[in-house]
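Given next are the chains, with one letter for each unit.
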Amino acid sequence: MSEVLDAIFLALQFQTVILMVVGLVIGIVIGGIPGLNVPLAVAIALPITFYLEPLSGIAMLVGIYKGGTYGGSLSAVLINVPGTPAAAATGIDGHQLTRQGKAGKALKMSLYASGVGALLSDLALIFFAVPVAVLALRIGPAENFALGVFALTLIAVLSQGNMFKGLIAGTMGIFLATFGLDPLTGASRLTFGVSQLTAGWSFISLILGIFAIAEALEFVQKRFLGPSGSKGVKLGGENHRLTREDWRGSWRAIARSAPIGVLIGAVPGLGSAIAAFFSYGVARTMSKEPEKFGKGALEGVAAAESANNGVTSSTFIPLLTLGIPGDVITAIMLGAFMVHGLVPGPSLFTEHRGFIMAFFVMMLVTTILLVVIARLGMRLFLQTTRIPDSILFPVVVVLCFTGTYVATNNFFDLYATLGFGVLGFAMKKFNFPIAPLLIGFILGPLVEIALRQSLLLSRGSLDIFVTHPISLLFLLLALGTIAWVGWGEYRSGVARRSKVGA
């Protein structure tokens, strides 16, 4: 008990709490601005922590991480421009709710689901750090491939009712992910002699183009060829309050998705985007009203955000216990630990027991402060919905191009952003779903690398995928998902034909 009290005292020191708050505010702002990203903010803040006490400096970095992970949902919900890759899943239903005049509902559900996901992730870090890390070590190339294939079945789930176009969009995403250097041999692929393509298509260009620029082009079309768009959402009233009915429909999605985010976060290299889309697909499959997804389902917002934020603390599990960073951000934070003489690994729990306990308390306090700060600033965030479209979209376009250049420092990516914007606009016009393209682009490299590594290990034998229990389990789940969705498509087709015959 005395050690716990000492840890609470260390975590609640004035300097540490102030730096948590500063980090959270910076993270929310950075996460909410299209084009800027959380790893960039953490990297810029890293040198500052060298001159601070270890816990205080790391507290600021954790604040930026957690604040930025939540902040990406703000622009996704309000203007359909995800501030972070994972927030793209939140925007599928979140922005539809904004268009229906329910921005407050979407933002509040996003916040509370984020808080639950982050809190569960904190508890998992505290109680299951070592066991989960041991489980994560058993995830090899074969298991990663099977997990990637299972996650790719989300394309089928998210394309229900429009399976053919969804598969085309998913295939397009996988194809775009193959541009650049071969991840194993380093050979150039599909670069066509363009040196800028050796690094592949920038994900920032893709996500900003296909969402923001496409929205701006749609606004221009409506302005000049049809009725003008919405002039903003009026605040106040029942539309912005979360009711018991809203919670009744969303708590199951949160309860399912937060643990998924925790588990995915504990596996190095997967990340929050995969967690968000994976959980969104599961929520749609398990929902009693799957037809509402994509049209303003609070369940979709709750699932994506709880999983997205469920990753934030569990990524520290492999870092603290094994010295393996769970993602780009924890890789940057590894430097902060090392500078202060804190070498992640099993010895950290014995040689710096007091610091570890204070770190655990600090993670919990940061999550609580995130909910408080974001809730107090909710009215300010909602004001952006009152900005007329004629002002909002030009500002968004400028921010997108500025953010793309700041993130990549490459003029070529500005043209790529515009090109992806035209692609997104065309996909909307011809009713092609956007989410499958993003899933294919994100998961394509993971599946390819894992497949090739597995075949190298097995000397070309496919038995490796069925002799490993975890791999076999994920492949069976993928087959089950495809069969489930295919049966649903068949029944829907039969029902439509019977109606036409009647």
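Residues numbered from 1 in each chain as written. Predicted model: local features only at pLDDT ≥ 70, side-chain atom pairs only at ≥ 80, totals over all residues. Heavy atoms only, no water.

Notes on the overall build of the protein chain
The helix and strand inventory of the protein chain stands at 23 helices and two strands. Counting every position in the protein chain, which comprises 502 residues, the buried fraction comes to 53%. Taking all contacts inside the protein chain whose residues are at least 6 apart in sequence as the whole, residues at least 24 apart take part in 79%. Within the structure as shown, the protein chain displays about 21,800 Å² of accessible surface, and the carbon and sulfur contribution to it stands at 69%. (Helix = DSSP H or I, 4+ residues; strand = E, 2+ residues; numbered from the N terminus. Buried < 20%, exposed > 50% of the residue type's maximum accessible area, 1.4 Å probe, protein only. Contact = heavy atoms within 4.5 Å. Areas by Shrake-Rupley, 256 points an atom, 1.4 Å probe, with all protein chains shown as cover.)

Describing a nonpolar patch on the surface
Among the surface-exposed residues, Leu-119, Leu-120, Leu-123, Phe-127 and Phe-128 lie close enough to one another that they form a single nonpolar patch of about 460 Å² accessible area. Tracing the backbone through its elements, the reader meets Leu-123 in helix α6 (residues 103-137). (Patch = residues over 30% accessible without salt bridge, like charges linked within 9 Å, V, L, I, M, F, W, Y side chains within 5 Å. Salt bridge = Lys/Arg side-chain N within 4 Å of Asp/Glu carboxyl O.)

Points about the packing of helix α12 (residues 272-286) against helix α21 (residues 435-457)
α21 packs onto α12 with a crossing angle of 135° between their chain directions and a minimal axis gap of 11 Å. Taken together, the axes of α12 and α21 lie oblique to each other. Both α12 and α21 take part in a crossing whose hand is left-handed. Contacts from Ala-273, Ile-274 and Phe-277 in α12 reach Ala-435, Leu-438, Ile-439, Ile-442, Leu-443 and Leu-446 in α21. Split by residue class, the contact of α12 with α21 holds nine nonpolar, no polar and no charged. (Axes fitted to C-alpha atoms, helices over the stretch in contact; angles between N-to-C directions. Parallel < 35°, antiparallel > 145°, perpendicular 65-115°, else oblique. Left-handed = near helix turned anticlockwise from the far one by under 90°. Nonpolar A, V, L, I, M, F, W, Y, C, P; charged D, E, K, R; others polar.)

Looking at unusual backbone geometry
For Asn-431, which is not glycine, the phi torsion reads 60° and is therefore positive. With respect to the helices and strands, the residue Asn-431 is situated in the loop between α20 (412-429) and α21. The backbone phi angle of Arg-459 is positive, close to 60°, even though this residue is not glycine. On the basis of relative accessible area, Arg-459 is assigned to the exposed category, the value being 82%.

Concerning the pattern of salt bridges
Applying the stated criterion to the full structure yields eight salt bridges. For Glu-448, the salt bridge is made with Arg-189, and the minimal N-O distance between the two is 2.6 Å. Placement of Glu-448 in helix α21 and of Arg-189 in strand β2 (residues 188-189) is noted, with a sequence separation of 259 residues between them. The residue Glu-289 makes a salt bridge to Lys-292 at a minimum N-O spacing of 3.2 Å. Look at Lys-292 and you get partly exposed, because its relative accessible area is 42%. Several salt bridges share partner residues, and in doing so they unite Asp-182, Arg-189, Glu-448 and Arg-452 into one network.

Quick look at the packing of aromatic side chains
All told, the structure shown has 17 aromatic pairs when counted by the stated rule. Where Trp-201 meets Phe-412, the ring centres are 6.0 Å apart and the plane angle is 20°; that geometry is what we call stacked. Taken together, the residues span a long stretch of sequence, with Trp-201 in the loop between β2 and α10 (203-225) and Phe-412 in helix α20 at a distance of 211 residues. Taken together, the ring pairs connect Tyr-65, Phe-316, Phe-337, Phe-355, Phe-359 and Phe-360 into an aromatic cluster. (Phe/Tyr/Trp six-rings, centres within 6.5 Å; stacked < 30°, edge-to-face > 60°.)

A short note on helix α13 (residues 298-314)
Residues separated by three or four positions in an α-helix point in the same direction, a consequence of the helix having 3.6 residues per turn. Between its terminal C-alpha atoms α13 stretches 25 Å, which fits the 24 Å expected from 17 residues at 1.5 Å a residue. Buried residues dominate α13, accounting for 17 of its 17 residues. (Expected span 1.5 Å × (residues − 1).)

A short note on the confidence of the model for the protein chain
Of all residues in the protein chain, 85% attain a pLDDT of 70 or more, and the chain-wide mean is 80. Confidence, expressed as mean pLDDT per element, reaches its minimum in the protein chain at helix α8 (residues 154-158) with 66 and its maximum at α20 with 90. pLDDT under 50 marks residues 227-236. Its contacts with residues more than four places away, or in other chains, come to 24 contacts. (pLDDT = per-residue confidence, 0-100.)

Regarding the packing of helix α2 (residues 14-32) against helix α17 (residues 353-376)
Working note: a packed helix pair is described by the angle between its axes plus the distance between those axes. Where α2 contacts α17, the two axes come as close as 10 Å, and the packing angle between them is 55°. As summarised for this structure, α2 and α17 are arranged oblique, according to the angle between their axes. α2 and α17 meet at a crossing whose hand is right-handed. Contacts from Val-17, Met-20, Val-21, Leu-24, Val-25 and Ile-28 in α2 reach Met-362, Val-365, Thr-366, Leu-369, Leu-370, Ile-373 and Ala-374 in α17.

Digging into the environment of Ser-56
One can find Ser-56 in helix α4 (residues 54-79). Judged by relative accessible area, Ser-56 falls into the buried class, the value being 1%. For the pair Ser-56 and Val-17, spaced 39 residues apart in the sequence, the C-alpha separation amounts to 7.9 Å. Among all residues touching Ser-56, those that are not within four sequence positions of it are Gln-15, Thr-16 and Leu-19.

Notes on the environment of Phe-14
Structurally, Phe-14 can be placed in helix α2. Here Phe-14 falls in the exposed class, since its relative accessible area comes to 68%. Considered as a pair, Phe-14 and Ser-56 are 42 residues apart in the sequence and their alpha carbons are 9.5 Å apart.

Quick notes on the nonpolar core
Ranked by size, the top nonpolar core spans 122 residues in total, and within it Phe-316, Leu-320, Phe-359 and Met-362 carry the most contacts. Examining the composition of this core, we find that 13 residues originate from one element, α4, more than from any other. Those residues within four positions of Phe-316 in sequence are excluded, and the remaining contacts are Val-62, Tyr-65, Leu-125, Thr-330, Met-333, Phe-359 and Met-363. Counting residues in hydrophobic clusters, the runner-up holds six residues, among them Ala-253, Ala-283, Ala-297 and Ala-303. (Core = buried A, V, L, I, M, F, W, Y, C linked by side-chain atoms within 4.5 Å.)

Details of the side chain of Ser-257
Summarising the element assignment, Ser-257 is placed in helix α11 (residues 244-266). From its side chain, Ser-257 meets the backbone oxygen of Ala-253 in a polar contact 2.7 Å long. Beyond its immediate chain neighbours, meaning those up to four positions away, Ser-257 contacts Ser-279, Ala-303, Ser-306 and Ala-307. (Polar contact = N/O pair within 3.5 Å; in protein donor to acceptor, adjacent residues only side chain to side chain.)

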